[in-house]
Amino acid sequence: MFRAMTNDMAVLADKILSGDRRALARAITLVESGRSDHRADSNELLETVARSSRQALRIGLSGTPGVGKSTFIEAFGCMLTAQGLKVAVLAVDPSSARSGGSILGDKTRMERLSREPNAFIRPSPSQTELGGVARRTRDAVSLCEAAGFDVVLIETVGVGQSETIVADMSDVFVLLIAPAGGDELQGVKRGIMEIADMILVNKADGDLKHTAIRTTADYAGALRLLRKREGDPEGFPKAMPVSAVEENGLDQAWEDLQNLVQYRKDSGFWTARRAAQAARWFADEVRQGLLRKLQSDPRAEAAMAELAEEVAKGIRAPGAAADDVLRFLRSGDPDQP
Ligand code: GDP
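Everything numeric in this text was worked out from a predicted model, so none of it was measured.

> What am I meant to see in the side chain of threonine 215 here?
Considering the arrangement of structural elements, one finds threonine 215 in helix 10 (residues 209–225). Given the relative accessible area of 4%, threonine 215 is considered buried. Each residue touching threonine 215, except ones within four places of it in the same chain, is listed here: Ile177, Ala178, Pro179, Ala180 and Val201.

As structure tokens, then:
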């Protein structure tokens with residue numbers, strides 16, 4: 001087939017920039033594709049749309065299953081679209097990375113929001129590694145920004161590394177938790193508290209309202225004990241009760257987030273944070289590219305497996321063994337340094 005790919009990508013880029021949601025979905029599928037022949041196209045597309053320099057507010061959102069993430073995002077998203085804002089929802093699902101199944105993407109979620117013409121919802125890409133999911137999601141965020149979305153919500157489940165990954169692609173990070181007794185506070189890892197800008201205690205309604213308010217006070221106390229972070233105005237990070245079902249507290253949370261963002265923009269922290277994130281992203285891409293290159297060489301892969309075993313047994317030192325593998329990158333042959 002003789003067709004100028006470049007032209008195809010230029011057309012697709014134009015459609016994305018004009019806010020065409022179908023073109024956006026198609027572009028995300030392209031960047032999610034692991035096929036090497038799609039890579040040149042998706043790189044070209046991403047560089048073209050990046051020139052628009054449009055920026056959305058990227059909000060990372062995490063919470064354990066059942067805490068009310070979908071309910072919250074639906075209510076919060078609809079509140080924003082009602083204000084005339086365009087909202088995109090992306091997901092980083094660590095379970096899809098592990099098992100190919102999904103805890104975030106499969107259920108019918110956010111039906112009301114998905115019917116909104118100003119909303120765009122995309123489930124997590126399924127990949128074998130969390131690193132791959134993260135990378136595709138970062139690209140999807142860039143595409144959504146180019147398509148003119150005002151807010152991009154990036155959702156993840158509160159397990160392991162995924163929260164840190166999502167926080168690192170967000171401007172602000174929100175943690176959703178459930179009302180619970182005092183000892184539950186221990187359940188939220190200190191590291192997660194440290195990256196949260198806002199802790200929302202959901203389900204502050206009905207019988208749970210009082211517990212939620214107590215839980216909020218516990219978290220507010222715990223947050224005050226953390227050391228002051230650069231880029232935080234007075235009162236942040238903060239904890240507050242919300243009810244996603246009754247849609248209570250969402251407007252307050254939005255107002256507070258906007259104040260936080262304005263403060264960070266005024267102080268230059270916003271720009272510095274994005275620049276640092278982009279630099280880390282770049283380094284990460286290089287690292288992953290090198291690893292892919294090694295893994296695409298069967299001899300290098302076999303050597304890696306063998307060396308990993310020897311390192312595990314203590315026969316080889318990790319650094320020296322890694323040097324052996326890295327020689328493949330230079331000569332294609334580990335015996336030729
Ligand atoms: P997710 O797994 O974090 O996405 O949680 P869901 O949004 O699916 O919600 C899990 C359950 O909690 C559902 O039965 C919701 O109806 C319920 N839920 C979510 N938000 C609230 C809330 O604000 N108040 C109450 N009482 N229940 C809620």
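> Looking at this model, I keep getting lost on the site of the ligand. Mind explaining?
With respect to spatial proximity, 16 residues lie near the ligand, and among them Gly66, Lys69, Ser70, Thr71 and Asp205 are the closest. For the ligand, an oxygen atom lies 2.8 Å from a polar atom in the backbone of glycine 66. Burial of the ligand by the protein amounts to 70% of the accessible area it has alone, namely 570 Å². For the shell around the ligand, a count of residues per class yields four nonpolar, seven polar and five charged.

> Before we go on, may I ask you to explain unusual backbone geometry in this structure?
Glycine aside, residues mostly have negative phi angles, and peptide bonds mostly take the trans form. For the peptide bond that leads from phenylalanine 236 to proline 237, omega is -5°, which places it in the cis range. Residue placement: proline 237 occurs in the loop between helix 10 and strand 7 (238–241). You will see that serine 53, though not glycine, has its phi angle at about 55°, which is positive. By the secondary structure assignment, serine 53 is in the loop between helix 3 (36–50) and strand 1 (57–63). Accessibility expressed as a relative area gives 58% for serine 53, which makes it exposed. A positive phi angle is found at glutamate 247, which is not glycine, with a value near 55°.

> Please explain the environment of glycine 131 as it appears in this structure.
If you trace the backbone, glycine 131 turns up in helix 7 (residues 130–146). In this structure, the C-alpha to C-alpha distance between glycine 131 and glutamine 161, residues 30 residues apart in sequence, is 9.9 Å.

Procedures and definitions
Position labels on residues start from 1 in each chain and follow its written sequence. The predicted nature of this model means local features are confined to residues of pLDDT at least 70 and side-chain atom pairs, given and counted, to a pLDDT of 80 or more, with totals for whole chains, interfaces and linings taken over all residues. Where side-chain values are given, they derive from all heavy atoms of the structure, hydrogens and water being excluded. Labels follow the DSSP assignment, with helices taken as runs of H or I lasting at least four residues and strands as runs of E lasting at least two, numbered in each case from the N terminus. Relative accessibility thresholds used throughout: buried, under 20% of the residue-type maximum; exposed, over 50%; partly exposed, between the two (1.4 Å probe, protein chains only). We call two residues contacting when some pair of their heavy atoms lies within 4.5 Å. Proximity is defined per residue: any heavy atom of the residue falling within 4 Å of a molecule or strand makes that residue near it. Counting of polar contacts relies on pairs of N or O atoms within 3.5 Å, with two restrictions inside protein: one atom must be capable of donating a hydrogen and the other of accepting it, and residues adjacent in sequence are counted only when both atoms are side-chain atoms. Only the protein chains shown count as cover for residues, and all accessible areas are computed by the Shrake-Rupley method using a 1.4 Å probe. For this classification, Asp, Glu, Lys and Arg are treated as charged, while Ala, Val, Leu, Ile, Met, Phe, Trp, Tyr, Cys and Pro are nonpolar and the rest, including Gly, are polar.

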